[in-house]
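In case you want the letters, here they are:
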Number of protein chains: 2
Amino acid sequence: MADLSRLSFNQMTAGKASLGDVVKACVKHNVGWIGPWRHAVGVNPQAAAQLIRSAGLKVSSLCRGGMFPAATAEERRRRIEDNLRAIDEAAAIGTDLLVLVNGPAPGRDIDGARQMVVDGIAAVAGHAAQSGVRLGVEPLHPMFAADRSVVVTMGEANEIAARFPAGQVGLVVDVYHIWWDPQVYAEIAKAGDRIFAFHVSDWIVPTPDFLMGRGMMGDGVIELQRLRGAAERAGYKGPIEVEIFNEALWARPADEIVGLVAERFQEFV
Amino acid sequence: MADLSRLSFNQMTAGKASLGDVVKACVKHNVGWIGPWRHAVGVNPQAAAQLIRSAGLKVSSLCRGGMFPAATAEERRRRIEDNLRAIDEAAAIGTDLLVLVNGPAPGRDIDGARQMVVDGIAAVAGHAAQSGVRLGVEPLHPMFAADRSVVVTMGEANEIAARFPAGQVGLVVDVYHIWWDPQVYAEIAKAGDRIFAFHVSDWIVPTPDFLMGRGMMGDGVIELQRLRGAAERAGYKGPIEVEIFNEALWARPADEIVGLVAERFQEFV
């Protein structure tokens with residue numbers, strides 16, 4: 001059983017609620033960590049930081065930077081500038097981790113786009129290190145390879161991270177994206193202290209929708225405890241973030257969602 | 001450019017047409033190969049074989065066997081019997097290749113299900129060899145890991161195939177399922193003469209539907225010629241099968257579909 005003190009509530013699990021309502025619900029249900037998104041904190045990260053801190057919550061990570069590949073050098077430069085801003089926002093909101101969703105290829109050249117991801121991270125890694133912010137490369141499920149991320153396996157994320165110092169660039173391990181991979185346990189072990197975050201949800205069968213149909217822990221087929229155990233044996237001791245995009249869940253009030261997450265977390269993670 | 005003589009039309013690309021109409025359209029558009037499905041030939045494979053042969057067509061493969069994992073030994077035994085029948089049907093329809101879609105886990109134990117796949121293939125491999133039918137393990141896209149196949153990468157299919165004699169068990173390489181994989185070119189090279197079939201379609205962005213939203217060659221992001229080139233360098237010289245599940249396409253007459261497939265095949269594959 002996972003200890004409730006490790007639970008972090010990713011803001012998008014209550015995707016229609018305000019940051020204030022999510023914070024309030026976390027406090028009520030003894031959830032000590034929160035994972036906010038840039039759209040909710042970017043305008044005034046200091047105010048958001050104050051809202052979170054005064055409630056006694058800690059910030060596990062900021063979602064999200066990345067999206068490096070683009071068709072032109074000018075556009076790639078703009079993406080890099082946006083990532084520099086995201087790093088500043090992460091520092092301002094009070095977390096040492098920026099989650100990177102690395103983006104799709106602008107055309108058919110997936111290997112070229114993968115190189116753009118490496119180049120993009122290299123271009124912002126120095127600023128991140130100076131800001132005390134680590135960069136977490138999140139492999140997304142291969143079904144998102146064409147529209148969200150050319151980084152689709154733990155193996156690929158491990159190779160990218162290995163190009164940078166261990167304390168600066170690592171992995172965000174989200175079970176929804178990687179549970180199917182025959183190499184997943186070998187790659188988790190290999191990642192070791194490069195695991196910067198661990199996200200949980202579940203894969204429902206049949207899947208109502210691939211983007212908006214993630215399941216609540218316990219409702220699907222993912223071996224959550226086995227994967228958590230592997231991450232812990234690899235050295236991960238940090239917060240465990242619950243990130244569920246699900247229309248039906250979003251229709252419920254934040255208070256109910258956080259309560260259900262806390263319950264399922266203790267039972268199934 | 002791919003030579004039209006290598007084109008095989010998978011019956012399900014015209015999913016609502018009869019086998020007779022598909023055969024007629026293939027003849028009209030100079031398509032020399034066809035890939036039928038068991039539901040269309042299983043009742044009377046001899047009659048289907050006669051229909052296909054008398055039109056001068058050859059059969060590239062029969063879809064599909066597999067679906068080995070099940071919760072009980074009794075049910076696994078039934079699946080094996082069904083695969084023995086599928087092998088007989090493949091021989092009767094005049095092909096030396098049965099495509100295996102290997103099935104999902106009956107519960108959360110994906111590794112256990114993977115072992116059931118190996119055991120299932122082992123249980124039918126002897127009968128297949130005696131019948132002159134090769135078994136083609138098809139890795140499906142990881143988005144189908146929970147409901148169609150625990151075999152989801154070329155690497156995994158290569159490992160399974162390597163347990164059996166090279167002429168008996170190999171791989172069905174369908175670009176739709178494997179194009180995203182950072183290891184795909186290494187694994188195609190590794191597969192070598194274990195590549196028993198090569199299937200093409202395309203991945204459309206945005207994807208209208210993950211099961212029924214495959215694209216016509218040229219409409220998506222898959223590097224078709226690069227992947228075909230890799231398969232050929234690995235030694236594959238056989239038919240190239242076009243397999244597209246797409247509701248909008250299915251709404252058109254078989255004649256139009258086969259014509260469009262032949263055109264796009266020559267331009268994009």
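Residues numbered from 1 in each chain as written. Chains lettered and ligands numbered in written order. Predicted model: local features only at pLDDT ≥ 70, side-chain atom pairs only at ≥ 80, totals over all residues.

1. Focus on the overall build of chain A
Then step 1. A count of helices and strands for chain A gives 11 helices and 11 strands.
Then step 2. Its C-alpha radius of gyration of 17 Å places chain A within 12% of the 18 Å reference for a compact globule of 269 residues.
Then step 3. If you line up chain A on its principal axes, its C-alpha atoms span 45 × 45 × 35 Å.
Then step 4. Residues classed as buried in chain A amount to 53% of the 269 residues present. (Helix = DSSP H or I, 4+ residues; strand = E, 2+ residues; numbered from the N terminus. Rg over C-alpha atoms; globule rule 2.2 N^0.38 Å. Buried ≥ 20, exposed ≤ 12 C-beta atoms within 10 Å, placed from the backbone.)

2. Focus on the sheet that holds strand E3 (residues 58–59) of chain B
All names here are of chain B.
Then step 1. Strand order in the open sheet formed by 9 strands is E3-E2-E1-E11-E8-E7-E6-E5-E4, and the pairing between neighbours is parallel. Strands with a single pairing partner mark the edges of an open sheet, and in this sheet they are E3 and strand E4 (62–66).
Then step 2. When strand E7 (residues 169–174) meets strand E8 (residues 195–200), the two strands line up parallel, connected through 4 bridges. Across the sheet, the residue bridging to Val-172 is Ala-197, located in E8.
Then step 3. The sheet contacts of helix H11 (residues 254–268) involve strand E1 (7–10) and strand E11 (240–242), and relative to E1 the element is tilted by about 145°. (Pairing = 2+ DSSP bridges. Contact = placed C-beta atoms within 7 Å. Axes fitted to C-alpha atoms, helices over the stretch in contact; angles between N-to-C directions.)

3. Details of helix H6 (residues 154–161) of chain A
Residues spaced three or four apart along an α-helix point in a common direction, a consequence of the helix completing one turn every 3.6 residues.
Residue and element names in this part refer to chain A.
Then step 1. With 7 of 8 residues buried, H6 lies mostly within the body of the structure.
Then step 2. What H6 keeps buried is the set Met-154, Gly-155, Glu-156, Ala-157, Asn-158, Ile-160 and Ala-161.
Then step 3. Buried residues in H6 make contact with helix H5 (110–130), strand E6 (134–137), strand E7 (169–174), helix H7 (175–178) and helix H8 (184–191).

4. Concerning the relation of the copies chain B and chain A
Then step 1. With an RMSD of 0.0 Å, the operation that places chain B on chain A is a rotation of 180° combined with a shift of 0.0 Å along the axis. Accordingly, the operation relating the two chain copies is best matched by a two-fold axis.
Then step 2. Interface residue correspondence from chain B to chain A reaches 100%, placing this contact among same-surface, isologous pairings. (Least-squares fit on C-alpha atoms with pLDDT ≥ 70 in both.)

5. As for the packing of helix H4 (residues 73–93) of chain B against helix H5 (residues 110–130) of chain B
Residue and element names in this part refer to chain B.
Then step 1. Running from N to C, H4 and H5 cross one another at 40°; their axes reach a closest spacing of 10 Å. The two elements H4 and H5 cross, and the hand of that crossing is right-handed. Along the contact surface, H4 presents Arg-76, Arg-79, Ile-80, Asn-83, Leu-84 and Ile-87, while H5 presents Met-116, Gly-120, Ala-123, Val-124, His-127 and Ala-128.
Then step 2. A per-class count over the contact of H4 with H5 returns 7 nonpolar, 3 polar and 2 charged. (Left-handed = near helix turned anticlockwise from the far one by under 90°. Nonpolar A, V, L, I, M, F, W, Y, C, P; charged D, E, K, R; others polar.)

6. A closer look at the sheet that holds strand E8 (residues 195–200) of chain A
Residues and elements named next belong to chain A.
Then step 1. Spatial strand order, E3-E2-E1-E11-E8-E7-E6-E5-E4: 9 strands in an open sheet with parallel pairing. Edge positions in the sheet fall to strand E3 (58–59) and strand E4 (62–66), since each of these pairs with one other strand and no more.
Then step 2. Here E6 pairs with E7 via 3 bridges, running parallel. When the bridges of E7 are listed, Gly-136 appears paired with Gly-170.
Then step 3. Sitting on the sheet, helix H9 (residues 224–233) touches E7, E8 and strand E11 (240–242), and the angle it makes with E8 is about 170°.

7. A word on the pairing of E6(A)
Residue and element names in this part refer to chain A.
Then step 1. Here E6 shows no split at all, with Arg-134 and Gly-136 on one side and Leu-135 and Val-137 on the other all buried.
Then step 2. Two strands pair when backbone bridges link them, and strand E5 (residues 97–101) and E6 are joined in this way by 4 bridges, in the parallel orientation. Looking at E6, one finds that Leu-100 is bridged to Val-137.
Then step 3. Remark: the E5/H5/E6 crossover connection has right-handed handedness.
Then step 4. Regarding the hand of the β-α-β motif, the stretch spanning E6, H6 and E7 is right-handed. (Right-handed = clockwise from strand over helix to strand, strands pointing away.)

8. Re unusual backbone geometry
All names here are of chain A.
Then step 1. Cis rather than trans, the peptide bond between Cys-63 and Arg-64 has omega equal to -5°.
Then step 2. With respect to the helices and strands, Arg-64 occurs in strand E4.
Then step 3. Even without a glycine there, the phi angle at Met-67 is positive, about 55°.
Then step 4. In this structure, Met-67 sits in the loop between E4 and helix H4 (73–93).

9. Notes on the confidence of the model for chain A
Then step 1. Across chain A, the average pLDDT comes to 96, with 100% of residues at or above 70.
Then step 2. Here the predicted complex carries an ipTM of 0.96, next to a pTM of 0.97. (pLDDT = per-residue confidence, 0-100.)

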